[in-house]
Amino acid sequence: MGLVTLTGIVLSGSDVGEFDKRLVILTKEAGRVTAFAKGARRPNNPLVAACSPFCFGTFEAFEGRQSYHISKANITNYFRDLVVDYEKVCLGSYFLEVADYSSVENVDERPRLALLYQSLKALESSRFSHRLLKNIYDLKSWVIDGEYPNVFSCACCGKKEGLTSFSLKRHGMLCRDCANIESGTHISSSTLYTMQFIVSSKIEKLYTFVLNDETEEELTRILSSYRLNYRSHKYKSEEFL
């Protein structure tokens, strides 16, 4: 077994045996990994604080065939302002659960890790509505997965101008002409621009805007309908949301 350094966020932790912890960590170097922290439930163990969900930092670990064994951790962000607020914890837990479900071992998950980290920072800041945060996180997660709606051209004819309606059947936008033939939901230009911005922007630039109530409600309706039709997995944390 070789000693490696992993940078990432703890997605979940569970008890193993009498004193050990089993962690799932989303890392920059190895995607989603399973790691064991021996004795981490002993009161004076230095790994106690590093084994909680939301912890971000570096983990020194010995690499085994199917898992890692943590020997040391340096946590740089515990997201303390987040974990003391029940509503923030619920939404943050949803972010973690989505990342856990969608990520893969030994795959480059740096975009997903960056999205998760930036989303938790935005949630902790209290500058954005929770509804907007969830919409941004969901849509950008779909972009990372490669399963997002087409918001830049008509899903029927390919025209890039005059996009006026959103079609669940076509997985994206319809132009004015095609909307007279295909069924779709009218969408305002501000909501369309918001979706285009989320899809195309760098992750570091995602959380730089807020919306008025009308646009935020329309964005929520569109993305909720898309989620129900094409993202069928049910997350436990959604019950609390």
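Conventions we followed
- Residues numbered from 1 in each chain as written.
- Predicted model: local features only at pLDDT ≥ 70, side-chain atom pairs only at ≥ 80, totals over all residues.
- Heavy atoms only, no water.
- Helix = DSSP H or I, 4+ residues; strand = E, 2+ residues; numbered from the N terminus.
- Buried < 20%, exposed > 50% of the residue type's maximum accessible area, 1.4 Å probe, protein only.
- Contact = heavy atoms within 4.5 Å.
- Areas by Shrake-Rupley, 256 points an atom, 1.4 Å probe, with all protein chains shown as cover.
- Lys, Arg positive; Asp, Glu negative; His and termini not counted.
- Charge placed at Lys NZ, Arg CZ, Asp CG, Glu CD.
- Pairing = 2+ DSSP bridges.
- Axes fitted to C-alpha atoms, helices over the stretch in contact; angles between N-to-C directions.
- Parallel < 35°, antiparallel > 145°, perpendicular 65-115°, else oblique.
- Expected span 1.5 Å × (residues − 1).
- 1 Å grid on protein atoms, 1.4 Å probe; cavity = no way out; pocket = protein on both sides within 12 Å on 5 of 7 lines; lining within 4 Å.
- Points joined across faces, edges and corners; volume = space filled by probe spheres on them.
- Nonpolar A, V, L, I, M, F, W, Y, C, P; charged D, E, K, R; others polar.

Engineer: I tried to follow the overall build of the chain on my own but got confused; where do I start?
Structural biologist: Secondary structure summary: the chain contains seven helices and eight strands in total. Counting only C-alpha atoms and orienting by the principal axes, one finds that the chain spans roughly 65 × 35 × 30 Å. Among the 241 residues that make up the chain, the fraction classed as buried is 46%. Taking as baseline every contact in the chain between residues at least 6 positions apart, the subset at least 24 positions apart corresponds to 57%. Carbon together with sulfur atoms contributes 48% to the accessible area of the chain, which is approximately 12600 Å² in total. The averaged location of the 29 negative side-chain charges in the chain is 3 Å from the averaged location of its 30 positive side-chain charges.

Engineer: Looking at this structure, I do not really get the pairing of strand S7 (residues 172-175). What am I missing?
Structural biologist: Two faces make up the sheet, and in a regular strand the side chains alternate between them. The sheet contact formed by strand S6 (residues 163-167) and S7 spans four bridges and is antiparallel. Paired with Ser167 across the bridge in S7 is Gly172. Connecting the antiparallel pair S6 and S7 is a turn made up of four residues, with His171 showing a positive phi of about 60°.

Engineer: How should I be thinking about the packing of helix H3 (residues 110-125) against helix H4 (residues 130-145) in this particular structure?
Structural biologist: Two measures define how a pair of helices packs: the angle their axes make with one another and the distance between the axes. Between H3 and H4, the least distance of the axes is 11 Å, while the angle of their chain directions is 175°. Classified by the angle between their axes, H3 and H4 sit roughly antiparallel to one another. On H4, the residues that touch Pro111, Arg112, Leu115, Leu116, Ser119, Ala122 and Leu123 of H3 are His130, Leu133, Tyr137, Lys140, Ser141, Ile144 and Asp145.

Engineer: What am I meant to see in helix H7 (residues 213-230) here?
Structural biologist: Each full turn of the α-helix corresponds to 3.6 residues, which orients residues three or four apart in the same direction. Between its terminal C-alpha atoms H7 stretches 26 Å, which fits the 26 Å expected from 18 residues at 1.5 Å a residue. Those residues of H7 lying buried are Thr215, Glu216, Glu218, Leu219, Thr220, Ile222, Leu223, Tyr226 and Arg227.

Engineer: How should I be thinking about the pairing of strand S1 (residues 3-16) in this particular structure?
Structural biologist: Bridging between S1 and strand S4 (residues 56-63) involves seven bridges; their strand directions are antiparallel. Across the sheet, Leu3 pairs through a bridge with Phe62, a residue of S4. Pairing between S1 and strand S2 (residues 20-27): eight bridges, direction antiparallel. Within S2, the position partnered with Gly13 by the bridge is Leu23.

Engineer: Mind showing me how you'd approach the sheet that holds S7 here?
Structural biologist: One key point about sheets: their strands pair by backbone hydrogen bonds, in either a parallel or an antiparallel sense. In spatial order, the strands read S7-S6-S8; together these three strands make up an open sheet with antiparallel pairing. Because the sheet does not close on itself, it has two edges, and the strands there are S7 and strand S8 (185-186).

Engineer: What's the story with the layout of surface pockets in this structure? I'm lost.
Structural biologist: Empty space left among the atoms is revealed by rolling a probe the size of a water molecule over them. Here the largest pocket defines a volume of roughly 320 Å³. Along the walls of the largest pocket sit 19 residues, with Arg227, Arg231, Ser232, His233 and Tyr235 positioned nearest its centre. Residues of the lining of the largest pocket, tallied by class, amount to seven nonpolar, five polar and seven charged. In this structure, the second largest pocket spans a volume of roughly 220 Å³.

That is the geometry; function is a separate question.
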